[in-house]
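# An overview of the molecular structure
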Amino acid sequence: MTATVTSATADFLAGTAFADVSVSVGVPMALLLIVLLTCKELLRTVRTRLQPGALGVFDVVMAPLLLTVVLVVVERFRALA
Amino acid sequence: MSGPVAGAVGYATAFALIESIGALNQSVVSVALHGVLIVVLLVHGALRSGLGALPAALAVVSLLRVLSLGMPFAGVAAPVRAALVSVPLLLSAALALRLPGLSVRALGLRPRSWRVQALIGLSGLPLGLLVAQVGAGQDAAGGSLPQAAGFALAWVFAGAVEELVFRGVLQQAAAEVLGRGAVLLSSGVFAAAYVGDGSAAAVAVAAGVGLLFGVCAQQTRSIVGVGVAHALLNAAAVLLWPRLLP
């Protein structure tokens, strides 16, 4: 019993080639990373009176997302080789 | 309903709706919507709007789905995938626990009574039977014993990390806003995360288990027992009950 891999997730992955998954999900993940980075920097610039550590909330998602995007890119290159 | 409470309920409802869209074989759409929700949650969280660390905690839960679909290694078995996804999720939860309003100390990793935590942990065995009855763990049940044991180990890790996310981070953050009602929010979001299983029984069991674990974690101020219970539940559902009661 885990919410991490539900039947819908397993069915999607089983029915979709890795090359397609890395585009249809990998690209939105990379975009999300860029959008979060942009939001973080915009807030840093615009809201000069943010409370200390307020921008740390972005790291909660950005760090694991960056790790996963790097894995996707490495796997994509490995699949090409 | 006060502003922060309405905000908490609204975000939880948005998460449930996006999960429902994913359950309708619209996984790519659901990833995009989870992405939008994460951006909104984190900007809201950075601006400190009376919701404390709750937006960041809900973003961790939304990230769970993004990672589960986006993590490479598509050919691996579901339990191994769950364990792989749990690694960045663990990093996310660890970073969330450094935010103001959350703490590692509040996880109660040194509980007041180990006996009570052991009893809560053992509840995973009968709950595993319930989960096995609604269909979880079928992949491992048909395999060899070493394969099933390996899968069970992967499920154990994934289960423990889920408890850290739902009871350790989400419930702790929700308690700041909702007080004792945090259990309802964490168990509701926990159940919504199972909508993708496509079975009303699975969602009902997840809601019941989430509520039970939430109350246990709240009353004992520790997630040790529920972490063990979820891990044991997964191991029992794939390894023990399918072999004892084929």
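What comes next is a walk through the structure. (Residues numbered from 1 in each chain as written. Chains lettered and ligands numbered in written order. Predicted model: local features only at pLDDT ≥ 70, side-chain atom pairs only at ≥ 80, totals over all residues. Heavy atoms only, no water.)

### Quick notes on the overall build of chain A
Where we set the bar: Numbered from the N terminus, helices here are DSSP runs of H or I no shorter than four residues, and strands are runs of E no shorter than two. The size measure is the radius of gyration over C-alpha atoms, and the globule rule it meets is 2.2 Å times the number of residues to the 0.38 power. Buried residues are those whose accessible area, probed at 1.4 Å on protein chains only, stays under 20% of the maximum for their type, while exposed residues exceed 50% and partly exposed ones sit between those limits.
Counting secondary structure elements, chain A contains four helices and zero strands. N-terminal to C-terminal, the α/β element order of chain A is α-α-α-α. For 81 residues, the compact-globule formula gives about 12 Å, and the C-alpha radius of gyration of chain A, at 16 Å, lies well above that figure. The dimensions of chain A, computed from C-alpha atoms along their principal axes, are 50 × 35 × 15 Å. Here chain A, with 81 residues, has 46% of them falling under the buried criterion.

### Comments concerning the packing of aromatic side chains
All names here are of chain B. Operational definition: Two rings from Phe, Tyr or Trp (for Trp, the six-membered ring) form a pair when their centres sit within 6.5 Å of each other. Planes less than 30 degrees apart are called stacked, planes more than 60 degrees apart edge-to-face, and all others tilted. Should the NZ of a Lys or the CZ of an Arg lie within 6 Å of a ring centre and within 35 degrees of the ring normal, that charge is described as sitting over the ring.
One pass over the full model with this rule turns up two aromatic pairs over all chains. An angle of 75° between the planes, with centres 5.0 Å apart, marks the rings of Phe166 and Phe190 as edge-to-face. Residue Phe166 is located in helix α8 (residues 145–178), and its partner Phe190 is located in helix α9 (residues 182–192); the two are separated by 24 residues in the primary sequence. Comparing Phe166 with Phe190 shows no difference in burial state: the two are buried. Taken together, the ring pairs in this structure connect Phe166, Phe190 and Tyr194 into an aromatic cluster. Arg167 extends its terminal NZ or CZ atom over the ring of Phe190, reaching a point 4.4 Å from the ring centre.

### As for a nonpolar patch on the surface
Here is the rule: Patch members must show over 30% relative accessible area and no salt bridge, and they are joined within 9 Å when carrying like charges or within 5 Å when they are nonpolar side chains of Val, Leu, Ile, Met, Phe, Trp or Tyr. Here the Shrake-Rupley method, with its probe set to 1.4 Å, supplies the accessible areas, and only the displayed protein chains count as covering residues. By convention in these notes, a salt bridge is any Lys or Arg side-chain nitrogen within 4 Å of a carboxyl oxygen on Asp or Glu.
A grouping of Val23(A), Val27(A), Leu31(A) and Ile34(A) is seen on the molecular surface, where their side chains present a nonpolar patch of about 360 Å² in accessible area. Tallying contributions element by element places helix α3 (residues 26–46) of chain A first for the nonpolar patch, with three residues.

### Focus: unusual backbone geometry
All names here are of chain B. The phi angle at Asn25 is positive, at roughly 60°, despite the residue not being glycine. The residue Asn25 is located in the loop between α1 (3–23) and α2 (27–46) in this model. A positive phi is found at Arg221, a non-glycine position, where the angle reads about 55°. A relative accessible area of 62% means that Arg221 is categorised as exposed.

### Considering the packing of helix α4 (residues 78–96) of chain B against α8(B)
All names here are of chain B. Note the threshold: Fitting a line to C-alpha atoms yields each axis, with helices limited to the stretch in contact; the angle taken between N-to-C directions then spans 0 to 180 degrees. By the definition adopted for this analysis, an angle is roughly parallel if under 35 degrees, roughly antiparallel if over 145, roughly perpendicular if from 65 to 115, and oblique otherwise. Note on convention: near helix rotated counterclockwise from far helix by under a right angle means a left-handed crossing. Clockwise means right-handed. We call two residues in contact when some of their heavy atoms are within 4.5 Å. Each residue is assigned to one of three groups, with Ala, Val, Leu, Ile, Met, Phe, Trp, Tyr, Cys and Pro labelled nonpolar, Asp, Glu, Lys and Arg labelled charged, and all others, Gly among them, labelled polar.
Their axes nearest at 8 Å, the elements α4 and α8 cross at an angle of 30°. The orientation of α4 relative to α8 falls into the category roughly parallel. For the pair α4 and α8, the sense of crossing is left-handed. Counting all contacts with α4, which are made through Ala78, Pro79, Val80, Ala82, Ala83, Ser86, Val87, Leu89, Leu90, Ala93 and Ala96, the residues of α8 involved are Phe151, Ala154, Trp155, Phe157, Ala158, Val161, Leu164, Val165 and Val169. Residue composition of the contact of α4 with α8, by class: 19 nonpolar, one polar and no charged.

### Comments concerning the side chain of Thr6(A)
Counted only if it meets this: Side-chain atoms alone can form a polar contact between residues adjacent in sequence; in general such a contact is a pair of N or O atoms within 3.5 Å, and within protein one must be able to donate a hydrogen while the other accepts it.
Relative to the assigned elements, Thr6(A) resides in the segment before α1 (7–14). A distance of 3.0 Å separates the side chain of Thr6(A) from the side chain of Thr9(A), its partner in a polar contact. Filtering out sequence-adjacent residues up to four positions away, Thr6(A) remains in contact with Arg65(B), Ala193(B), Tyr194(B), Gly196(B) and Asp197(B).

### Some details on the packing of α1(A) against helix α3 (residues 54–70) of chain B
The interhelical angle for the contact between α1(A) and α3(B), taken along N-to-C directions, is 30°, at an axis separation of 10 Å. Overall, the two elements α1(A) and α3(B) adopt an arrangement that is roughly parallel. For the pair α1(A) and α3(B), the sense of crossing is right-handed. Residues Thr9(A), Phe12(A) and Leu13(A) of α1(A) form the contact with α3(B), whose own contacting residues are Arg65(B), Ser68(B) and Leu69(B). Within the contact of α1(A) with α3(B), the residues separate by chemical class into three nonpolar, two polar and one charged.

### Quick word on the interface of chain A and chain B
The line we're drawing: When two components associate, each loses some accessible surface as probed by a 1.4 Å sphere; the sum of these losses over both components is called the buried area.
Across the contact, 43 residues belong to chain A and 53 residues belong to chain B. Of the roughly 4,100 Å² buried where chain A meets chain B, counting both sides, 76% is carbon and sulfur surface. At the surface where chain A touches chain B, the tally comes to zero salt bridges. Every element with two or more residues in the side of chain A that touches chain B is listed here: α1, α2 (18–24), α3 and α4 (56–80) of chain A. If you tally residues by element for the side of chain A that touches chain B, the top one is α4(A), at 14 residues.

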